[in-house]
Amino acid sequence: MCASRVLPPLSILLLGLLLGAAGTLAEPVAESLDLRGLGLSSEQRSRIQDLRREDQQQAAPLRDNLNSEQQQLRTLYTSDAPDDQLRSQYDRMQVYRQRLDRQRFENLLRIRSVLTPGQRTQLRARFVERGGRGGGRGGGPLGQP
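Rules behind the numbers
- The residue numbering used here restarts from 1 in each chain and proceeds along that chain's sequence as written.
- Selection of residues for local features in this predicted model requires a pLDDT of at least 70, selection of side-chain atom pairs for listing and counting requires 80 or more, and totals for whole chains, interfaces and linings are taken over all residues.
- Side-chain numbers come from the whole structure's heavy atoms, not from hydrogens or water.
- Comment: elements are numbered from the N terminus, with helices defined as DSSP H or I runs of at least four residues and strands as E runs of at least two.
- Here's how the labels work: a residue is buried when its accessible area is under 20% of the maximum for its type, exposed when over 50%, partly exposed in between, all with a 1.4 Å probe on protein chains only.
- Here, residues are in contact when the closest pair of their heavy atoms is within 4.5 Å.
- Here the open area of atoms and residues is found with the Shrake-Rupley method and a 1.4 Å probe, where only the protein chains shown may cover a residue.
- Planes of paired rings set the category: under 30 degrees apart is stacked, over 60 is edge-to-face and the rest tilted, where pairs are Phe, Tyr or Trp rings (Trp by its six-membered ring) whose centres lie within 6.5 Å.
- Two limits define a charge over a ring: the Lys NZ or Arg CZ must be within 6 Å of the ring centre, and within 35 degrees of the ring normal.
- Multiplying 1.5 Å by the residue count of a helix minus one yields the expected span of that helix.

Focus on the overall build of the chain
Thought 1: Of regular secondary structure, the chain possesses 4 helices and 0 strands.
Thought 2: Reading the secondary structure of the chain in the N-to-C direction produces α-α-α-α.
Thought 3: The buried share of the chain, taken over its 145 residues, is 32%.
Thought 4: Long-range pairs, those at least 24 residues apart, make up 79% of the contacts in the chain between residues at least 6 apart in sequence.
Thought 5: Working note: accessible area of the chain is about 9000 Å², and carbon and sulfur atoms make up 55% of it.

Here it is, written out as C-alpha coordinates:
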(Lines give C-alpha, C1' and ligand atoms only; values in the text may rest on other atoms or scores of the structure.)
Protein backbone atom coordinates (compact mmCIF):
# COMPACT_ATOMS: atom_id res chain seq x y z
CA MET A 1 0.00 0.00 0.00
CA CYS A 2 1.27 3.48 -0.79
CA ALA A 3 2.55 5.41 2.23
CA SER A 4 0.90 8.63 1.06
CA ARG A 5 -2.53 6.98 1.33
CA VAL A 6 -1.86 5.53 4.77
CA LEU A 7 -0.14 8.41 6.55
CA PRO A 8 -2.84 11.10 6.39
CA PRO A 9 -5.60 8.86 7.80
CA LEU A 10 -3.16 7.46 10.33
CA SER A 11 -2.05 10.93 11.43
CA ILE A 12 -5.67 12.05 11.72
CA LEU A 13 -6.43 8.98 13.82
CA LEU A 14 -3.46 9.66 16.10
CA LEU A 15 -4.41 13.31 16.49
CA GLY A 16 -7.96 12.27 17.30
CA LEU A 17 -6.72 9.87 19.95
CA LEU A 18 -4.45 12.50 21.46
CA LEU A 19 -7.12 15.17 21.50
CA GLY A 20 -9.93 12.80 22.38
CA ALA A 21 -8.12 11.54 25.44
CA ALA A 22 -8.42 14.97 26.99
CA GLY A 23 -12.17 14.87 26.49
CA THR A 24 -12.29 12.37 29.32
CA LEU A 25 -10.92 14.98 31.66
CA ALA A 26 -14.30 16.60 32.11
CA GLU A 27 -15.05 14.52 35.19
CA PRO A 28 -12.65 14.74 38.10
CA VAL A 29 -11.07 11.47 39.16
CA ALA A 30 -12.45 11.85 42.66
CA GLU A 31 -15.99 12.02 41.24
CA SER A 32 -15.59 8.50 39.90
CA LEU A 33 -14.62 7.07 43.28
CA ASP A 34 -17.14 4.55 44.48
CA LEU A 35 -17.48 5.33 48.16
CA ARG A 36 -20.51 3.10 48.66
CA GLY A 37 -20.35 0.70 51.54
CA LEU A 38 -17.56 2.55 53.34
CA GLY A 39 -19.90 3.72 56.08
CA LEU A 40 -19.17 7.41 55.65
CA SER A 41 -20.37 9.61 58.47
CA SER A 42 -22.44 12.68 57.70
CA GLU A 43 -19.38 14.82 58.53
CA GLN A 44 -17.27 12.85 56.05
CA ARG A 45 -19.93 13.16 53.36
CA SER A 46 -20.16 16.89 53.91
CA ARG A 47 -16.38 17.36 53.83
CA ILE A 48 -16.03 15.26 50.64
CA GLN A 49 -18.81 17.24 48.98
CA ASP A 50 -16.97 20.45 49.89
CA LEU A 51 -13.71 19.08 48.50
CA ARG A 52 -15.40 18.05 45.26
CA ARG A 53 -16.97 21.49 44.88
CA GLU A 54 -13.60 23.14 45.44
CA ASP A 55 -12.04 20.75 42.92
CA GLN A 56 -14.64 21.60 40.29
CA GLN A 57 -14.13 25.33 40.82
CA GLN A 58 -10.36 25.02 40.57
CA ALA A 59 -10.52 22.69 37.57
CA ALA A 60 -12.89 24.85 35.50
CA PRO A 61 -10.31 27.40 34.28
CA LEU A 62 -7.78 24.63 33.63
CA ARG A 63 -10.33 22.71 31.55
CA ASP A 64 -11.24 25.87 29.67
CA ASN A 65 -7.59 26.55 28.90
CA LEU A 66 -7.02 22.94 27.89
CA ASN A 67 -10.01 23.03 25.57
CA SER A 68 -8.77 26.28 24.05
CA GLU A 69 -5.29 24.84 23.46
CA GLN A 70 -6.83 21.69 21.94
CA GLN A 71 -8.92 23.78 19.58
CA GLN A 72 -5.85 25.75 18.58
CA LEU A 73 -4.01 22.50 17.87
CA ARG A 74 -6.90 21.28 15.72
CA THR A 75 -6.89 24.57 13.83
CA LEU A 76 -3.16 24.42 13.25
CA TYR A 77 -3.31 20.78 12.21
CA THR A 78 -6.01 21.40 9.64
CA SER A 79 -4.19 24.47 8.31
CA ASP A 80 -1.11 22.45 7.35
CA ALA A 81 1.03 24.39 9.84
CA PRO A 82 4.72 23.49 10.13
CA ASP A 83 5.59 20.54 12.36
CA ASP A 84 7.48 22.75 14.82
CA GLN A 85 4.43 24.92 15.33
CA LEU A 86 2.28 21.82 15.94
CA ARG A 87 4.81 20.47 18.42
CA SER A 88 4.90 23.76 20.26
CA GLN A 89 1.11 23.93 20.45
CA TYR A 90 0.94 20.30 21.60
CA ASP A 91 3.41 21.13 24.39
CA ARG A 92 1.25 24.07 25.51
CA MET A 93 -1.77 21.78 25.57
CA GLN A 94 0.14 19.21 27.63
CA VAL A 95 0.99 21.82 30.26
CA TYR A 96 -2.72 22.30 31.01
CA ARG A 97 -3.40 18.58 30.88
CA GLN A 98 -0.62 17.99 33.40
CA ARG A 99 -1.87 20.79 35.68
CA LEU A 100 -5.36 19.35 35.59
CA ASP A 101 -4.10 15.84 36.32
CA ARG A 102 -2.01 17.14 39.21
CA GLN A 103 -4.94 19.06 40.66
CA ARG A 104 -7.15 15.94 40.44
CA PHE A 105 -4.50 13.84 42.11
CA GLU A 106 -4.18 16.35 44.96
CA ASN A 107 -7.96 16.34 45.38
CA LEU A 108 -7.93 12.56 45.50
CA LEU A 109 -5.39 12.74 48.31
CA ARG A 110 -7.52 15.29 50.17
CA ILE A 111 -10.55 13.01 49.91
CA ARG A 112 -8.48 10.07 51.05
CA SER A 113 -7.40 12.05 54.11
CA VAL A 114 -11.05 12.31 55.17
CA LEU A 115 -11.34 8.53 55.37
CA THR A 116 -10.56 6.42 58.40
CA PRO A 117 -7.77 3.82 58.16
CA GLY A 118 -10.40 1.08 57.81
CA GLN A 119 -12.20 2.94 55.01
CA ARG A 120 -8.88 3.45 53.22
CA THR A 121 -8.20 -0.27 53.47
CA GLN A 122 -11.58 -1.02 51.90
CA LEU A 123 -10.98 1.50 49.12
CA ARG A 124 -7.52 0.06 48.40
CA ALA A 125 -8.99 -3.44 48.20
CA ARG A 126 -11.52 -2.24 45.61
CA PHE A 127 -8.75 -0.54 43.65
CA VAL A 128 -6.68 -3.74 43.56
CA GLU A 129 -9.76 -5.83 42.76
CA ARG A 130 -10.51 -3.67 39.72
CA GLY A 131 -6.95 -3.85 38.45
CA GLY A 132 -5.99 -0.32 39.49
CA ARG A 133 -8.87 1.37 37.69
CA GLY A 134 -10.17 3.32 40.65
CA GLY A 135 -13.28 2.83 42.68
CA GLY A 136 -15.61 2.25 39.78
CA ARG A 137 -18.88 3.82 38.83
CA GLY A 138 -22.41 3.51 39.97
CA GLY A 139 -24.50 4.80 42.78
CA GLY A 140 -24.30 8.25 44.19
CA PRO A 141 -21.03 10.10 44.45
CA LEU A 142 -20.84 9.57 48.20
CA GLY A 143 -21.91 5.98 48.21
CA GLN A 144 -25.62 6.60 48.19
CA PRO A 145 -27.64 4.53 45.67
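After that view of the structure, there is still more to cover.
Considering the packing of aromatic side chains
Thought 1: Per the stated rule, a full pass over the model turns up 0 aromatic pairs.
Thought 2: Lying across the ring of tyrosine 96, arginine 99 places its NZ or CZ 5.3 Å from the centre.

Quick word on helix α2 (residues 42–78)
Thought 1: Compared with the 54 Å implied by 1.5 Å per residue over 37 residues, the 52 Å span of α2 between its first and last C-alpha is a close match.
Thought 2: Directly beyond the C-terminal end of α2, a positive phi value near 65° is found at aspartate 80.

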